[in-house]
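# Remarks on the overall topology
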Amino acid sequence: MMHLARLDEPLRLELGGTLEQPEIAYHTFGTLNAEGSNVVWVCHALTANSDVADWWPHTVEEAGFLDPSRWFVVCANVLGSCYGTTGPLSLNPATGEPYYESFPRLTMRDVVEAHRRLAGHLGIGHIHAVVGASVGGFQAIEWAVAEPQRFSRLALIATAPKASPWAIAIDETQRMAIFADSTYGEHRPDAGAAGLAAARALGLLTYRGPEGYNLSQQNHADAACVLPGLPSQHRACTYQRHQGDKLIRRFNAYSYVAILDTFDTHDVGRGRGGVEAALASLGSEGLDTMVVGLSTDLIFTPAEMRQLAAMIPGSKFAEISSPLGHDGFLVEYQQLNKLLIPFMEWKK
């Protein structure tokens, strides 16, 4: 069940502006033990919600690394999203109307500050493990560097310590698709929907990559044809349209742009002497780290993931074999559970 917390103090934002009493949507799974030592905080990716069991199959169950009979799992919906946390469709207290495009610009550190405030609201001090994949990994690594003493474990999956030019270019291409929709900017929740659908289709090309598409989107042998052997519709085409339509039924263009913009601010080394210095600091706090890459990931490549692991003193590195690119972290749960179940064990 989703819970909603209203933060009493205003959240002052890095790039200027304030969110007055922002609301944070969150889910919990399992039971907090008497010592408060079994908290696992999951940071979610771009368009996910706080219901980890909804978007990360076979992880929040007895055989999963987020086993709720053992762990007290917390996940908070990020600022700017549309799943209960304050975002562009929320009411601006200064006007009584939704923010829409006037929603203030956020940084990844603002998102992490909201997590920290929520942890305080819930009475959570020490966190056994913080887990993040993709954009969730941005949050996890930023939080771990800001408060390394708060955690015993850090699990980083298909992510990076800094938004790369390649990743930012992917984001910008998606924004261009949204901005090309002439309805974007109109004050209604479905504004920019066609652009959002196109942005999602563009994004999926990078999430899955050629191996994933060639494996799963071959034309059916019995497809209707306009000529012998020539399908009237290619399966890959209908898949792209389906995925775009699916997203616009559950998301909005304003939140999508807000989160892409936040993504692009990510740099754990900013103001800390650079990425290497920031990551090196994790080694002095007794924090155990596992970095997991995906063999066909086009966004956070295996080479980049190995480089990330090399910059964190004492970290472990593992690679999941998957033809499904970046999205493999959502699908290859058996490999992920095999890696993370032992990693999550208590310190000896």
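This text gives an overview of the structure that appears in the document.

Criteria and cut-off values
- Residues numbered from 1 in each chain as written.
- Predicted model: local features only at pLDDT ≥ 70, side-chain atom pairs only at ≥ 80, totals over all residues.
- Heavy atoms only, no water.
- Salt bridge = Lys/Arg side-chain N within 4 Å of Asp/Glu carboxyl O.
- Helix = DSSP H or I, 4+ residues; strand = E, 2+ residues; numbered from the N terminus.
- Buried < 20%, exposed > 50% of the residue type's maximum accessible area, 1.4 Å probe, protein only.
- Patch = residues over 30% accessible without salt bridge, like charges linked within 9 Å, V, L, I, M, F, W, Y side chains within 5 Å.
- Areas by Shrake-Rupley, 256 points an atom, 1.4 Å probe, with all protein chains shown as cover.
- Phe/Tyr/Trp six-rings, centres within 6.5 Å; stacked < 30°, edge-to-face > 60°.
- Lys NZ or Arg CZ within 6 Å of the ring centre and 35° of its normal.
- Pairing = 2+ DSSP bridges.
- Core = buried A, V, L, I, M, F, W, Y, C linked by side-chain atoms within 4.5 Å.
- Contact = heavy atoms within 4.5 Å.
- Axes fitted to C-alpha atoms, helices over the stretch in contact; angles between N-to-C directions.
- Parallel < 35°, antiparallel > 145°, perpendicular 65-115°, else oblique.
- Left-handed = near helix turned anticlockwise from the far one by under 90°.
- Nonpolar A, V, L, I, M, F, W, Y, C, P; charged D, E, K, R; others polar.
- Expected span 1.5 Å × (residues − 1).
- Polar contact = N/O pair within 3.5 Å; in protein donor to acceptor, adjacent residues only side chain to side chain.

Within this structure, the stated rule accounts for 18 salt bridges. Arg208 is paired through a salt bridge with Asp327; the nearest N and O atoms lie 3.1 Å apart. With a gap of 119 residues between them, Arg208 in helix H5 (residues 193-216) and Asp327 in the loop between strand E14 (316-320) and helix H10 (328-331) connect regions that are remote in the sequence. By the burial criterion, Arg208 is buried, and Asp327 matches it. Residue Arg306 pairs with Glu319 through a salt bridge whose shortest N-O separation is 2.9 Å. Highlighted residues: Arg306 in helix H9 (residues 302-311) and Glu319 in strand E14, separated in sequence by 13 residues. A relative accessible area of 43% means that Arg306 is categorised as partly exposed. Taken together, the salt bridges that share partners define one network made up of Arg105, Glu172, Arg175, Asp261 and Asp264.

Once that is clear, we can look at a nonpolar patch on the surface. A grouping of Val226, Leu227 and Leu230 is seen on the molecular surface, where their side chains present a nonpolar patch of about 280 Å² in accessible area. Along the chain, Leu230 falls in strand E12 (residues 230-231).

So, about the packing of aromatic side chains. Summed over the entire model, instances satisfying the criterion amount to 14 aromatic pairs. Taken together, a centroid distance of 5.4 Å and an interplanar angle of 45° make the contact between Phe179 and Tyr184 tilted. The exposure class assigned to Tyr184 is buried, which follows from its relative accessible area of 19%. With a centroid separation of 5.8 Å and 85° between ring planes, the pair formed by Tyr213 and Tyr239 is classed as edge-to-face. Of this pair, Tyr213 sits in helix H5 while Tyr239 sits in helix H6 (residues 235-248); the two residues are 26 residues apart in sequence, bridging distant segments of the chain. In this structure, Tyr213 and Tyr239 share a single accessibility class: buried. Every member of this aromatic cluster is reached through a ring pair, and the members are Trp55, Trp56, Phe65 and Phe329. In this structure, Arg153 is placed above the aromatic ring of Phe343, and the distance from its NZ or CZ to the ring centre is 5.5 Å.

This next bit is on the pairing of E14. With five bridges connecting them, strand E13 (residues 288-294) and E14 associate as parallel partners. Bridging from a neighbouring strand, Met290 pairs with Lys316 of E14.

Moving on to the nonpolar core. Trp41, Tyr256 and Leu279 are the most contacted members of the largest nonpolar core, which totals 78 residues. For Leu279, the residues in contact, after removing those within four places along its chain, are Ile141, Pro161, Val268, Leu308, Met311, Ile312 and Pro313.

This brings us to unusual backbone geometry. With a phi angle near 45°, Gln21 is a residue other than glycine that sits in the positive phi range. Secondary-structure assignment places Gln21 in the loop between strand E3 (18-19) and strand E4 (23-29). For Tyr100, which is not glycine, the phi torsion reads 50° and is therefore positive. Among the structural elements, Tyr100 can be located in the loop between strand E8 (97-98) and helix H2 (108-121).

So, on to the sheet that holds E14. The mixed open sheet is built from eight strands, whose spatial order is E1-E4-E6-E5-E9-E10-E13-E14. Of all the strands in the sheet, the pair left with one neighbour each is strand E1 (3-6) and E14. On average, each strand axis in the sheet is tilted by 20° relative to the strand beside it, whichever way the strands run. Both strand E10 (residues 151-157) and E13 contribute to a ladder of five bridges, which runs parallel. Paired with Leu154 across the two strands is Thr289, which belongs to E13. Relative to the sheet, H2 contacts E1, E4, strand E5 (39-43) and strand E6 (72-76), its axis offset from that of E5 by approximately 150°.

Attention shifts here to the packing of helix H4 (residues 165-179) against H5. Relative orientation of the contacting elements H4 and H5 amounts to 155°, with a least axis distance of 7 Å. If you check the angle between H4 and H5, you find them roughly antiparallel. Where H4 crosses over H5, the handedness of that crossing is right-handed. Judged by residue contacts, Ile170, Thr173, Gln174, Ala177 and Ile178 of H4 engage Gly195, Leu196, Ala198, Ala199, Arg200, Leu202, Gly203, Thr206 and Tyr207 from H5. Counted by class, the contact of H4 with H5 contains eight nonpolar, five polar and one charged residues.

A few words now on helix H7 (residues 253-264). Along its 12 residues, H7 runs 17 Å from first to last C-alpha, staying within 8% of the 16 Å computed at 1.5 Å per residue. For H7, the buried fraction is high: 12 of the 12 residues fall into the buried class. All buried positions along H7 are accounted for by Ala253, Tyr254, Ser255, Tyr256, Val257, Ala258, Ile259, Leu260, Asp261, Thr262, Phe263 and Asp264. Those residues of H7 that are buried lie in contact with H2, helix H3 (135-146), H4, H5 and H6. Two or three places before Tyr254, at the start of H7, stands the capping residue Asn252, its side-chain oxygen 2.9 Å from that residue's backbone nitrogen.

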